[in-house]
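Single-letter residue listing:
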Amino acid sequence: MSSGTTHMFVGAGAVGLAAIVDDHPHPITHSLLIAPLLGSISGKLPDYIEPALHPNHRQFFHSITVAGLLTIGLIKCYQWKPEEPFEKLIRGLVLLGGMGYLSHLICDSTTPKGLPLVGKL
Ligand SMILES: [Zn+2]
């Protein structure tokens with residue numbers, strides 16, 4: 001099982017990857033302070049929503065369904081080419097937060113328990 005610290009480090013690394021491949025960058029996606037901070041927080045977000053209090057804590061927000069929907073949303077957000085500064089900020093925040101969250105689900109999927117297909121709400 002990945003620890004909370006591992007999720008935070010992997011989340012911070014995932015947003016670094018997002019910044020490298022972002023061809024429509026915003027200063028927030030390339031901020032050496034904000035990007036890793038947001039990535040580390042969002043990298044732990046699934047366990048804030050569904051705390052690891054027992055072995056079957058992984059439900060809907062830890063599911064393959066959420067991972068798939070999030071991936072589709074991240075691709076759409078990545079393809080979005082906003083012109084307004086506020087829209088660029090929103091795009092950057094969604095990419096950073098989404099990559100951090102997805103990194104958590106990827107880490108959890110590598111454990112023996114894996115992820116549920118849908119889980120309970
Ligand atoms: Zn988790």
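Residues numbered from 1 in each chain as written. Predicted model: local features only at pLDDT ≥ 70, side-chain atom pairs only at ≥ 80, totals over all residues. Heavy atoms only, no water.

By the naming in an unreviewed UniProt entry, the protein goes by Metal-dependent hydrolase and is assigned to Alteromonas australica.

**Considerations on the pattern of salt bridges**
Operational definition: When a carboxyl oxygen of Asp or Glu lies within 4 Å of a side-chain nitrogen of Lys or Arg, that pair is called a salt bridge. By the criteria applied, helices consist of DSSP H or I runs no shorter than four residues and strands consist of E runs no shorter than two, each listed in order from the N terminus. The cut-offs for exposure are 20% and 50% of the maximum accessible area for each residue type, with area from a 1.4 Å probe on protein chains only; residues under the lower value are buried, those over the upper are exposed, and the others partly exposed.
For the structure on display, the rule yields one salt bridge. Two residues, aspartate 108 and arginine 58, come together in a salt bridge whose shortest N-O distance is 3.4 Å. You can see aspartate 108 sitting in helix α5 (residues 85-109) and its partner arginine 58 sitting in the loop between α3 (45-49) and α4 (64-79), a full 50 residues away along the chain. In terms of burial, aspartate 108 and arginine 58 fall into one category: buried.

**A few points about the packing of aromatic side chains**
Applied cut-off: Planes of paired rings set the category: under 30 degrees apart is stacked, over 60 is edge-to-face and the rest tilted, where pairs are Phe, Tyr or Trp rings (Trp by its six-membered ring) whose centres lie within 6.5 Å. Whether a charge lies above a ring is judged from NZ of Lys or CZ of Arg, which has to be within 6 Å of the ring centre and within 35 degrees of the ring normal.
A full pass over the atoms with the stated rule returns one aromatic pair. Taken together, a centroid distance of 5.3 Å and an interplanar angle of 80 degrees make the contact between phenylalanine 60 and phenylalanine 61 edge-to-face. What makes phenylalanine 61 partly exposed here is its relative accessible area of 31%. Lying over the aromatic face of tyrosine 48, lysine 44 brings its terminal NZ or CZ to 5.1 Å of the ring centre.

**Topic: the coordination of the zinc ion**
Tetrahedral coordination by four donors places them ideally at 109.5 degrees to one another around the metal; octahedral coordination by six donors ideally gives 90 or 180 degrees. What counts is decided by this rule: Here the term donor refers to an N, O or S atom within 2.8 Å of the metal (or 3.2 Å for Na, K and Ca), and because water is left out of the atoms, sites may appear incomplete. Square planar and octahedral assignments, for four and six donors respectively, both demand that opposite donors be over 155 degrees apart and that all other angles lie between 65 and 115; tetrahedral needs four donors with all angles between 85 and 135 degrees, and anything else is irregular.
The protein atoms that coordinate the zinc ion are Asp47 (OD), His62 (NE2), His104 (NE2) and Asp108 (OD), at distances spanning 2.1 to 2.4 Å. Taken together, the four donor atoms coordinating the zinc ion and their angles of 78 to 172 degrees define a geometry best described as irregular. The sequence pattern formed by the donor residues of the zinc ion is D-x14-H-x41-H-x3-D. Separated by 42 residues along the polypeptide, histidine 62 in the loop between α3 and α4 and histidine 104 in helix α5 bring together distant segments of the chain. Judged by relative accessible area, histidine 62 falls into the buried class, the value being 0%.

**Notes on a nonpolar patch on the surface**
Short version of the rule: Each patch is assembled from residues with relative accessible area greater than 30% and no salt bridge, linking like charges that lie within 9 Å and nonpolar side chains (Val, Leu, Ile, Met, Phe, Trp, Tyr) that lie within 5 Å. Per-residue and other accessible areas were derived by the Shrake-Rupley procedure at a 1.4 Å probe size, with only the shown protein chains allowed to occlude residues.
Together, Leu37, Ile41, Leu45, Tyr48, Ile49, Phe61 and Leu121 give the surface a local cluster of nonpolar side chains, amounting to about 710 Å² of exposed area. Take the nonpolar patch: its biggest share by element is three residues, from α3. Structurally, phenylalanine 61 can be placed in the loop between α3 and α4.

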